[in-house]
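Structural characterization, general
Next come the chains, spelled out residue by residue.
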Amino acid sequence: IATAKPRPDKGFDGKIGCWRVSMQKVAQKKVYKTNRKFDKDGKENEVLREKGEIYEEDTTMDSEQYQKMFKEKVIPAIRQKMPWARRIVVQHDGASPHTGKNTEDILRESGKQSKESWLQRWCVRTSQRDVPI
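Quick caveat: nothing in here was measured; it's all calculated off a predicted structure.

To continue, consider the side chain of Ser 22. Relative to the helices and strands, Ser 22 is located in strand E3 (residues 22–26). Judged by relative accessible area, Ser 22 falls into the buried class, the value being 15%. Setting aside residues up to four positions removed in sequence, Ser 22 forms contacts with Glu 56, Glu 57, Asp 58, Thr 59 and Gln 65.

Okay, structure coming up:
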């Protein structure tokens with residue numbers, strides 16, 4: 001979930017977006033809703049997905065998934081909903097996907113617009129205070 005300070009003067013309600021953490025997979029076999037081809041009365045059960053069909057499966061958020069989601073979904077949504085913004089401060093908790101594998105540097109690089117740095121400050125939200133990184 002991404003939110004920002006509402007700006008009624010700009011027509012912005014503060015909502016940036018909410019995205020599902022998932023990955024696309026290909027069904028290896030035909031899957032039925034009840035995991036059985038036939039029910040107890042001998043009727044064929046409804047098919048959930050066919051073999052070869054592409055479907056979305058929920059996944060665990062790791063630093064690579066976090067970076068990909070931030071670059072492909074969050075930053076474009078911020079730019080679309082807040083085109084007037086010239087400086088962005090990102091705040092998030094200290095969860096390992098948010099802080100691992102050079103996440104700060106990679107996302108700061110993604111936030112650059114032409115010659116100016118669009119994503120200028122990175123903060124970790126702790127229970128007591130914001131700590132600039």
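We now examine the nonpolar core. Grouped together as the largest cluster of nonpolar side chains are 14 residues, with contacts concentrated most on Ile 16, Phe 70, Val 74, Ile 78, Met 82 and Ile 88. Put simply, the parts of the chain that give this core at least two residues each are helix H1 (63–81) and strand E7 (88–92). If one sorts the elements of this core by residue count, H1 sits on top with 6 residues. In this view, Met 82 contacts Ala 4, Phe 12, Ile 16 and Ile 88; residues no more than four positions away in its chain are not counted.

Within the secondary structure, Thr 103 is located in helix H3 (residues 103–110). Taking relative accessible area as the criterion, Thr 103 reaches 0% and is therefore assigned buried. C-alpha separation for the pair Thr 103 and Tyr 66, spaced 37 residues apart in sequence, amounts to 8.4 Å.

So, on to H1. If you check H1, its first and last C-alpha atoms are 25 Å apart, about what 19 residues at 1.5 Å a residue would give, namely 27 Å. The sharpest bend along H1 comes to roughly 40°, located at Phe 70. Listed in full, the buried residues belonging to H1 are Ser 63, Gln 65, Tyr 66, Gln 67, Met 69, Phe 70, Val 74, Ile 75, Ala 77 and Ile 78.

A few words now on the packing of aromatic side chains. Scanning all chains against the criterion turns up 2 aromatic pairs. Seen from their ring centres, Tyr 66 and Phe 70 are 6.0 Å apart, and the 45° between their planes marks the pair as tilted. Linking Tyr 66 with Phe 70, this pair stays in helix H1, spanning 4 residues, or about one helical turn. Each member of the pair, Tyr 66 together with Phe 70, is buried. The ring centre of Tyr 55 lies 3.8 Å from the NZ or CZ of Arg 49, which sits over that ring.

What follows covers the side chain of Arg 49. Among the structural elements, Arg 49 can be located in strand E5 (residues 47–49). For the buried Arg 49, which has no salt bridge, the nearest side chain bearing the opposite charge is Glu 53, at an N-O separation of 5.4 Å. With residues near it in sequence (within four places) discarded, Arg 49 still touches Ala 27, Lys 29, Lys 30, Val 31 and Tyr 55.

A few words on the confidence of the model for the protein. Summary statistics for the protein give a mean pLDDT of 76 and a share of 71% for residues scoring 70 or more. Mean pLDDT values for the elements of the protein range from 46 in strand E11 (residues 130–132) up to 93 in strand E2 (residues 15–17). When the criterion is pLDDT under 50, residues 126–133 qualifies, and its contacts beyond four places in sequence or with other chains add up to 13 contacts.

Rules of the game
Residues numbered from 1 in each chain as written. Predicted model: local features only at pLDDT ≥ 70, side-chain atom pairs only at ≥ 80, totals over all residues. Heavy atoms only, no water. Helix = DSSP H or I, 4+ residues; strand = E, 2+ residues; numbered from the N terminus. Buried < 20%, exposed > 50% of the residue type's maximum accessible area, 1.4 Å probe, protein only. Contact = heavy atoms within 4.5 Å. Core = buried A, V, L, I, M, F, W, Y, C linked by side-chain atoms within 4.5 Å. Expected span 1.5 Å × (residues − 1). Bend = angle between axes of the 7 residues up to and from the residue. Phe/Tyr/Trp six-rings, centres within 6.5 Å; stacked < 30°, edge-to-face > 60°. Lys NZ or Arg CZ within 6 Å of the ring centre and 35° of its normal. Lys, Arg positive; Asp, Glu negative; His and termini not counted. Salt bridge = Lys/Arg side-chain N within 4 Å of Asp/Glu carboxyl O. pLDDT = per-residue confidence, 0-100.

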